[in-house]
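# Overview (structure and organization)
Listed below are the residues making up each chain.
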Amino acid sequence: RTGSLVSGRAAATLDHIRQYLPMMQRPTNRDTLKTYDGSVPALCVRFFYGSEEIQSTRVVKPTSTEWMNGGSIYFQETFRMNIDWRPRVALRIEVRDSSAPLGHVTLGSCSFDEGALLHEFESSTSVQQDSPWHSVPVMQVVRMLEAPGLSPQDETFQQKQLRILGFNPHHLSDGGSLWLAFAETEFAGMSAIPALC
């Protein structure tokens, strides 16, 4: 009888836990961005410098096939921003689901401190030194706007070409990654303006 009493309590506890499991975050696959309930999201990327939102992308809604297969979702956007650099202030980038029932939900994020940002800009600067006859920001935008590959081999080749121009994948906190490039551009009478692609 004691055994059946313990089994009854254990079964009741398991039923109680099962009721709350949908509210808990699922284990994540580090290579794939996921929503909490498995639904297809409406994605947007938001950029914050300190606590201030400085830019955001348009909303991109992948097809259910694209989302379920865990493939790439393309935003293909470029931004120009004039930022007053402040010591010890990070650039934070969030991928959000704008279609969540309770409003925007952050699905993953990554941050760049001063050193990481400097490294990203140096990556583009070294490309400019290797190709002084071409504008690196222009080359980055042209390469980024190319149509997606039709096969995994095409996508691998395109990623290699993006890396050559200073793009890097940045792993998000809850799985998946975001490909970004940073470059400085100069305008007559203005200081350098970082451009994010």
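Let us look at the structure shown here. As the structure is a prediction and not an experimental result, all values here were calculated from the model.

### Some points on helix 5 (residues 152–164)
Residues that lie three or four places apart on an α-helix share one face, since the helix turns once every 3.6 residues. When the terminal C-alpha atoms of helix 5 are compared, their 19 Å separation across 13 residues agrees well with the 18 Å that a helix rising 1.5 Å per residue should span. When helix 5 is considered as a whole, its buried residues turn out to be Gln158, Gln161 and Leu162. Buried residues of helix 5, seen end-on, are gathered within an arc of 100 degrees and therefore sit on one face of the element. Facing away from the buried side of helix 5 by over 90 degrees, the exposed positions are Pro152, Gln153 and Lys160. Those residues of helix 5 that are buried are in contact with helix 4 (136–144) and strand 7 (177–180). Immediately downstream of helix 5, the backbone of Gly166 shows phi near 100 degrees, a positive value.

### Here's the deal with the pattern of salt bridges
Counting across every chain of the model gives four salt bridges. The residue Glu53 makes a salt bridge to Arg46 at a minimum N-O spacing of 2.5 Å. Residue Glu53 is classed as partly exposed on the basis of its relative accessible area of 32%. The partner of Arg96 in a salt bridge is Glu94, with the nearest N and O atoms 2.5 Å apart. Given the relative accessible area of 8%, Glu94 is considered buried. Put simply, Arg92, Glu94 and Arg96 are held in one network by salt bridges that share partners.

### Some thoughts on the environment of Thr106
Assignment of secondary structure puts Thr106 in strand 5 (residues 105–112). Residue classification places Thr106 among the partly exposed residues on the basis of a relative accessible area of 28%. Remark: the alpha-carbon pair of Thr106 and Val95, spanning 11 residues in sequence, is separated by 5.9 Å. Excluding residues within four positions of it along the chain, Thr106 makes contact with Tyr36, Glu94, Val95 and Arg96. A polar atom in the side chain of Thr106 sits 3.4 Å from the side chain of Glu94. Here Arg96 takes part through its side chain, which lies 3.4 Å from a polar atom of the side chain of Thr106.

### Thoughts on the packing of aromatic side chains
Across all of its chains, the model carries two aromatic pairs by this definition. When the centroid spacing of 5.4 Å and the interplanar angle of 70 degrees are considered together, the rings of Phe112 and Phe182 count as edge-to-face. A residue pair is termed long-range when its members are at least 10 positions apart, and Phe112 in strand 5 and Phe182 in strand 8 (residues 182–185) qualify at 70 residues. Each member of the pair, Phe112 together with Phe182, is buried.

### What to know about helix 4
Considered for burial, the residues of helix 4 that qualify are Val136, Pro137, Gln140 and Met144. Taken around the axis of helix 4, the buried residues stretch over an arc of 100 degrees, which confines them to a single face. Pointing more than 90 degrees away from the buried face of helix 4 are the exposed residues Val138 and Val142. Contact partners of the buried residues in helix 4: helix 3 (114–130), helix 5 and strand 8.

Reading the values: rules and limits
- Residues numbered from 1 in each chain as written.
- Predicted model: local features only at pLDDT ≥ 70, side-chain atom pairs only at ≥ 80, totals over all residues.
- Heavy atoms only, no water.
- Helix = DSSP H or I, 4+ residues; strand = E, 2+ residues; numbered from the N terminus.
- Expected span 1.5 Å × (residues − 1).
- Buried < 20%, exposed > 50% of the residue type's maximum accessible area, 1.4 Å probe, protein only.
- Arc of directions from axis to C-beta.
- Contact = heavy atoms within 4.5 Å.
- Salt bridge = Lys/Arg side-chain N within 4 Å of Asp/Glu carboxyl O.
- Polar contact = N/O pair within 3.5 Å; in protein donor to acceptor, adjacent residues only side chain to side chain.
- Phe/Tyr/Trp six-rings, centres within 6.5 Å; stacked < 30°, edge-to-face > 60°.

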